[in-house]
Every structure is written in C-alpha cells, then in structure tokens.
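Tertiary structure, described
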Amino acid sequence: MIDLRSDTVTQPSLAMREAMFQAPVGDDVYGDDPTVNSLEERVAALFGKEAGLFTPSGSLANQLGIRMLVKPGEEILTEVNSHIVRAELGAAATFSGITTRTWEDPRGFFDADRALNIARPNSGPYLVSTTAIAVENTHNFGGGTVQSIEEIRKLHVAAQALEIFTHLDGARIWNAHVVSGISFSDYGQNFDTISVCLSKGLGAPVGSILLSTKERIVSARQWRKRYGAGMRQIGMLAAAGHYALDNNISRLADDHRRAKSLAQSAAHALPGSVNPEHVDTNIVALDLSMTKTTAAEVNAALKAEGILASALGPKFLRLVTHLDITDADIEKTNQVLSGLLQRAFMA
Ligand SMILES: *Cc1c(COP(=O)(O)O)cnc(C)c1O
C-alpha cells in the first residue's frame, strides 16, 4: 500500500529503533529520565523558550498550553478549520471550560487582522473575554499552508498591547521552517506557548513537546499527571525524538518536492482542484467540488489500486507525503489519480 493518509503513518526506521534501544531511562514522573529531560531542554532551547514538556500527543500539548493561558469561562480565538477546533473533539471545552470563537482564512493562510477584528479582551461582566489567539503553522486542513512571519509578528505586537496571549500549534513547524528559512527561535519569540509534534513528518512513533515559561511548564506538568499522562521510562520515546531532530528535519524538503509533483499532476488532470503554487509543504488538499464525484468515491477507487488517501469532507481529498514515500510511489499515484480525476472532469 502507498499510504498517503497522513505523515503520522511513518514507521520508525531501524536506526531510530536502535537509538531507542540504547536510550538511558528513568522514572519521568520523578523527573529521573535523562533522555526525556535532555529532549525537553533541547527543544526549549531551539525555540528560545525556558522549558519544555513531553506529551504523548500533539492534542495534549495544545490543550495543556491553552489551559495555561485561558481561564474557565474565557475564550481562545482560532481559525475555523484549525486542528484545535476541528480535530480535538471539543477538548478545550471538555477539559478546561474554555470557549472558542473562530475567524476564517482562505487555505488557512493567517491574516492577523481577521483574528484581531474579533478579539474582545477584558470584556467585563456580561461578555466573554478573549485571552488567547492560536495560530496553526503549517495549517493542516488548509493544505500545509506556511504562515507569513510578518503576519505572526503583527499579531504578537497587537496581542501584547491588548494583553492577549498567543499560542502556536506548531505540529508541522519543522515543515514551515524548511520552506521559509525562518529560525525556530524567531517563531518562538512570537508565542507564549508552543506545541510541536515529533510523530508527524519527523517520523518518531510518539511524542509532542509543549514549550513555554518555567512557571507554566511546572503547572502543565501537574495537569498532564492529572489527565493521566504522567509516564515512566519514556526515554525510549524521547530518544526517537532526538533521532528525529538530528536526522529528519532537512529531508522534509523531499516530502515537499513530492507533494508538489502530486499537486501538479492533479491540477493538470482536473484544473482548479488545487493550485500547485500553493502547495509549499507535504500536504495536498484537493477540492473536487467542480465535479459530480465525491472524495469518498475517489478514495475508494485509489484504495482498489493500492493507494490510501483521506476523504476529509464530501469534496475534500487530502494526500500527505512523508519519509516512507518514494519517487516511484509518487509516479504510480500520479498515474492512477490523474486517470480518476480526468474521468471525474469528463463526467
Ligand atoms: C496532528 C496535529 C496535531 C496533534 O495531533 P495528535 O494526533 O493529537 O498528535 C495538532 N495540530 C495539528 C495541526 C496537527 O496536524
């Protein structure tokens, strides 16, 4: 199977497994795991933050971060198709009593003014107060969109003046960095809390890191335990994270090149389904709304040919490249998909 459902499906390589096997470990609830400690410190330093916290998922890193910024009954603003509001099953409300309000960015491309226009800090006794704004970079459901650092800086300056905190859902910040050349610390200084994933394009089996001040991370560590995600000898997982940071960042450019090829082929077969110029990273979001075909139908036809993709909406098909996808896989996918899209175009 050529698995383009997500970059979460990657298999840990032999060399990564070897690093995991060799890792010194300890009880992380006691703060005794040297490999976890060094990973948390390493990623915090990379982003210019005081401290880090290893979590089993990116959702938990997001939710702990948000919880540190927003009190129950207050709100966080985020983009309408962001992971925080679309793919975390209402966790902000369920866990933390936090409400969300959304703005809409075409392709998920962040526009600071759209967020700031709906921000209502310190709203008094009758209205909900905005205490945080979240940005997703890259934007997953928007098609792997890389955000503009100018818009991010603009948000940060304005949010500070309004006493609103900023959170970065940086599950794929690695991909953004490879495309933009913007340093991790430059991203880091514009946000109060940051979540990053090691288990997407970087290829680790498990793990995300929440980054912030020492004080917030101490509190987030308690909440992680309270949620039941205090873990013991997880240095083996952290070792996979170290390996991923050492070896798998710059190679993301290969994933980006392959996604571009998918987009070019799809756009050729079905004009308007995707603009290849907008495909900067490893996600190809195909819009089938100009056809009578549904994403589920194309998905089933692909599957019959040994290719897996994700139907994320009635007309929304997503393909994601990653380190287990080869040039030959892309060639085959282009061949099969363009046939299907051409047929959809004619119908
Ligand atoms: C994958 C992802 C996350 C975290 O997802 P988990 O499955 O909880 O690890 C967070 N934000 C974005 C944008 C993602 O794509």
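Calculation criteria
Positions within a chain are numbered from 1, following the residues in the order the chain's sequence is written. Side-chain atom pairs in this predicted model are given and counted only at pLDDT of 80 or more, local residue features only at pLDDT of at least 70, and totals for whole chains, interfaces and linings cover all residues. Hydrogens are left out, water is left out, and the side-chain values use all remaining heavy atoms of the structure. What counts as a domain boundary in this text is fixed by an automatic or database domain assignment. In this description, contact between two residues means that some pair of their heavy atoms is separated by no more than 4.5 Å. Take the accessible area each of two parts loses on contact, using a 1.4 Å probe, and add the two losses: that sum is the buried area. Any Lys or Arg side-chain nitrogen located within 4 Å of an Asp or Glu carboxyl oxygen qualifies as a salt bridge. The numbering of helices and of strands both runs from the N terminus, where a helix is a DSSP run of H or I of at least 4 residues and a strand a run of E of at least 2. For this classification, the nonpolar set comprises Ala, Val, Leu, Ile, Met, Phe, Trp, Tyr, Cys and Pro, the charged set comprises Asp, Glu, Lys and Arg, and every other residue, Gly included, is treated as polar. Proximity is defined per residue: if any heavy atom of the residue lies within 4 Å of a molecule or strand, that residue is considered near it. Any N or O atom pair separated by 3.5 Å or less is treated as a polar contact, with the protein-specific requirement of one donor-capable and one acceptor-capable atom, and with residues adjacent in sequence counted only for side-chain atom pairs. Note on classification: 1.4 Å probe, protein chains only; a residue is buried when its accessible area is under 20% of the maximum for its type, exposed when over 50%, partly exposed between these limits. When charges are counted, Lys and Arg contribute as positive and Asp and Glu as negative, whereas His and the chain ends are disregarded. Summary of the metric used: pLDDT quantifies the predictor's per-residue confidence within the range 0 to 100. By the convention used here, strands pair only if DSSP detects at least 2 bridges between them. Here an angle of 0 to 180 degrees is reported between the N-to-C directions of two axes, which are lines fitted to C-alpha atoms, with helices fitted over the stretch in contact. Should an angle fall under 35 degrees it is called roughly parallel, over 145 degrees roughly antiparallel, and 65 to 115 degrees roughly perpendicular, with every other angle called oblique. Stacked, tilted and edge-to-face are the three classes applied to pairs of Phe, Tyr and Trp rings, where Trp contributes its six-membered ring and a pair requires centres within 6.5 Å; stacked means planes under 30 degrees apart, edge-to-face means over 60, and tilted covers the rest.

A few words now on the domain arrangement of the protein chain. According to the domain assignment, the protein chain contains domain 1 (12-247) and domain 2 (251-346). Taken over C-alpha atoms, the centre of domain 1 sits 28 Å from the centre of domain 2. Counting residues at the interface gives 16 residues for domain 1, matched by 14 residues for domain 2. Both faces considered, domain 1 and domain 2 share a buried interface measuring about 1,300 Å² in area, 60% of it formed by carbon and sulfur atoms. Considering only the surface of domain 1 that becomes buried against domain 2, R107, F141 and N175 emerge as the three largest contributors, covering 31% of it. Counting every contact that joins domain 1 to domain 2 gives 0 salt bridges. Per-element tally for the side of domain 1 that touches domain 2: the top contributor is helix 8 (residues 173-180), with 4 residues. Across the side of domain 1 that touches domain 2, the residue classes tally to 6 nonpolar, 8 polar and 2 charged.

With that settled, consider the site of the ligand. The immediate surroundings of the ligand are formed by 13 residues, with G58, S59, D169, R172 and K200 found nearest. Separating an oxygen atom of the ligand from a side-chain N or O atom of S59 is a distance of 2.6 Å. Here R172 contributes a side-chain N or O atom positioned 2.8 Å from an oxygen atom of the ligand. Per-element tally for the shell around the ligand: the top contributor is helix 3 (residues 58-69), with 3 residues. Tallied by class, residues from the shell around the ligand come to 2 nonpolar, 6 polar and 5 charged.

Our focus in this paragraph is the side chain of E79. As for its placement among the helices and strands, E79 is situated in strand 3 (residues 75-79). Summary of buried charges: E79 has no salt-bridge partner, and the nearest side chain of opposite charge, R114, is 7.3 Å away. Among the polar contacts listed, one links the side chain of E79 to the backbone nitrogen of N81, at a separation of 2.7 Å. A polar atom in the side chain of E79 sits 2.8 Å from the backbone nitrogen of D105. Not counting the four nearest positions on each side in its chain, E79 is found in contact with V85, T102, W103, E104, D105, G108 and H139.

On to unusual backbone geometry. Residue T138 follows N137 across a cis peptide bond; omega there is 0 degrees. Topologically, T138 is positioned in the loop between strand 5 (130-136) and helix 7 (149-162). Its identity is not glycine, yet L89 carries a phi of approximately 55 degrees, on the positive side. Here L89 shows up in the loop between helix 4 (83-86) and helix 5 (91-96). Its relative accessible area of 83% is what places L89 among the exposed residues. At E163, a residue that is not glycine, the phi angle is positive and equals roughly 60 degrees. Within the secondary structure, E163 sits in the loop between helix 7 and strand 6 (165-170). The exposed category is assigned to E163, whose relative accessible area is 62%.

Per-residue pLDDT for the protein chain averages 98, and the proportion of residues at 70 or more is 100%. Ranking the helices and strands of the protein chain by mean pLDDT puts strand 8 (residues 208-212) first, with 99, and helix 14 (residues 327-346) last, with 95.

Turning next to the sheet that holds strand 9 (residues 283-287). Strand order in the open sheet formed by 3 strands is 9-12-11, with antiparallel pairing between adjacent strands. In the strand order of this sheet, the two ends are held by strand 9 and strand 11 (310-313), each with one partner. Looking at each pair of strands side by side, their axes are set apart by 30 degrees on average, direction ignored. Here 5 bridges tie strand 9 to strand 12 (residues 316-320), and the two strands are oriented antiparallel to one another. Across the sheet, the residue bridging to I283 is V320, located in strand 12. Sheet strands touched by helix 12 (residues 252-269): strand 9 and strand 12. Its angle to strand 9, the strand with the most contacts, is close to 15 degrees.

Attention shifts here to the packing of helix 8 against helix 12. Running from N to C, helix 8 and helix 12 point in directions that differ by 85 degrees, and their axes come no closer than 10 Å. Of the possible angle classes, the one that applies to helix 8 and helix 12 is roughly perpendicular. Residues W174, N175, V178 and V179 of helix 8 form the contact with helix 12, whose participating residues are L252, A253 and H256. Residue composition of the contact of helix 8 with helix 12, grouped by class: 5 nonpolar, 2 polar and no charged.

Attention shifts here to the packing of aromatic side chains. For the coordinates displayed, the defined rule picks out 6 aromatic pairs. With centroids separated by 5.1 Å and ring planes inclined at 45 degrees, the aromatic side chains of F47 and F184 adopt a geometry described as tilted. Of the two residues, F47 is situated in the loop between helix 2 (34-46) and strand 2 (51-55) and F184 in helix 9 (residues 184-188); the sequence distance between them amounts to 137 residues. Take F47 and F184: they sit in the same class, and that class is buried.

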